[in-house]
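What the coordinates show
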Amino acid sequence: MNAKVSNILKAIQADVTTLAQLVFDSDSISNNTKVNKNTLKDSQLAKDVEVRVLETGNPIIEVLFNHYIVYLEWNRPPKHKKKPPISVLKDWAVKNGIPDDNETLWKISYAIWRDGHQARPITATLIKEVEDKFDKEYFDMIFEALIDDLLNFFTD
């Protein structure tokens, strides 16, 4: 992979990191309707986002989130199936400075089961934002870098 394409991939990596943070900062996406507040803006979940570029063969851009993002992204209706197990909530509570004793975790689990929660489309929004950047910006940059590489190959 030539240096120009490698630099473009690094720029994409930085942009995706910034876009992910903007999604968490957005009140329209990250607002918790239960407390009417953006509870993700400065959360550990927002801080745990990692974007990596793997340049072996075809380049791959990985975006890694904290494991509990899956629970935030789907709509959970009130009294849906079983209560979330408190063992799943323990790490989340510790990372967010919430007491992790069984009584507190049971109350949180019960409240989630009783009230449900509104989905927050975090990854769907991020994917749309990245796709828009590819359409408007990245494809042309990569195409130009590949054309330059081909021209250099055939003129040398």
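Above this text sits the structure in question.
Residues numbered from 1 in each chain as written. Predicted model: local features only at pLDDT ≥ 70, side-chain atom pairs only at ≥ 80, totals over all residues. Heavy atoms only, no water.

Quick notes on the pairing of strand E3 (residues 50-54)
Only one face of E3 is buried, namely the one carrying Val-51 and Val-53, since none of Glu-50, Arg-52 and Leu-54 on the opposite face is buried. Sheet topology places E3 next to strand E4 (residues 60-64); 5 bridges connect them, and they run antiparallel. Bridging across to E4, Val-51 finds its partner in Val-63. (Buried < 20%, exposed > 50% of the residue type's maximum accessible area, 1.4 Å probe, protein only. Helix = DSSP H or I, 4+ residues; strand = E, 2+ residues; numbered from the N terminus. Pairing = 2+ DSSP bridges.)

Side note on the layout of surface pockets
Of the voids in this model, the largest pocket is the one considered here, and its volume is about 890 Å³. Looking at the largest pocket, it is lined by 31 residues, and the ones nearest its centre are Leu-72, Trp-92, Ile-108, Ile-112 and His-117. Of all the elements in the fold, those that place two or more residues in the lining of the largest pocket are strand E1 (31-32), helix H4 (69-72), helix H5 (86-95) and helix H6 (102-115). Residue composition of the lining of the largest pocket, grouped by class: 15 nonpolar, 10 polar and 6 charged. (1 Å grid on protein atoms, 1.4 Å probe; cavity = no way out; pocket = protein on both sides within 12 Å on 5 of 7 lines; lining within 4 Å. Points joined across faces, edges and corners; volume = space filled by probe spheres on them. Nonpolar A, V, L, I, M, F, W, Y, C, P; charged D, E, K, R; others polar.)

Some details on the pattern of salt bridges
Taken as a whole and judged by the stated rule, the model has 10 salt bridges. Put simply, Lys-133 and Asp-15 hold a salt bridge, and the shortest N to O gap is 3.6 Å. You can see Lys-133 sitting in helix H7 (residues 122-155) and its partner Asp-15 sitting in helix H1 (residues 3-25), a full 118 residues away along the chain. Among the residues examined, Asp-15 registers a relative accessible area of 22% and is labelled partly exposed. (Salt bridge = Lys/Arg side-chain N within 4 Å of Asp/Glu carboxyl O.)

A closer look at H1
Under the 1.5 Å per step criterion, the end-to-end length of H1 is 33 Å for 23 residues, consistent within 8% with the ideal 33 Å. Those residues of H1 that fall on the buried side of the exposure criterion are Val-5, Ser-6, Ile-8, Leu-9, Ile-12, Val-16, Leu-19, Ala-20, Val-23 and Phe-24. Along its buried surface, H1 packs onto helix H2 (27-30), strand E2 (37-38), helix H3 (44-47), E3, E4 and H7. (Expected span 1.5 Å × (residues − 1). Contact = heavy atoms within 4.5 Å.)

Notes on the nonpolar core
Ranked by size, the top nonpolar core spans 25 residues in total, and within it Ile-12, Phe-24, Leu-45 and Ile-122 carry the most contacts. Counting residues per element, this core draws most heavily on H1, at 9 residues. Among all residues touching Leu-45, those that are not within four sequence positions of it are Phe-24, Leu-40, Asn-66, Tyr-68, Ile-69 and Leu-72. (Core = buried A, V, L, I, M, F, W, Y, C linked by side-chain atoms within 4.5 Å.)

Observations concerning the environment of Val-23
Its location among the elements puts Val-23 in helix H1. With a relative accessible area of 4%, Val-23 lands in the buried category. Residues Val-23 and Asn-75 lie 52 residues apart in sequence; the distance between their C-alpha atoms is 18 Å.

Re a nonpolar patch on the surface
A cluster of nonpolar side chains, contributed by Phe-143, Ile-147, Leu-150, Leu-151, Phe-153 and Phe-154, occupies part of the molecular surface with about 680 Å² of accessible area. Looking at the secondary structure, you find Phe-143 in helix H7. (Patch = residues over 30% accessible without salt bridge, like charges linked within 9 Å, V, L, I, M, F, W, Y side chains within 5 Å. Areas by Shrake-Rupley, 256 points an atom, 1.4 Å probe, with all protein chains shown as cover.)

By themselves, these are just geometric observations and shouldn't be taken as functional.
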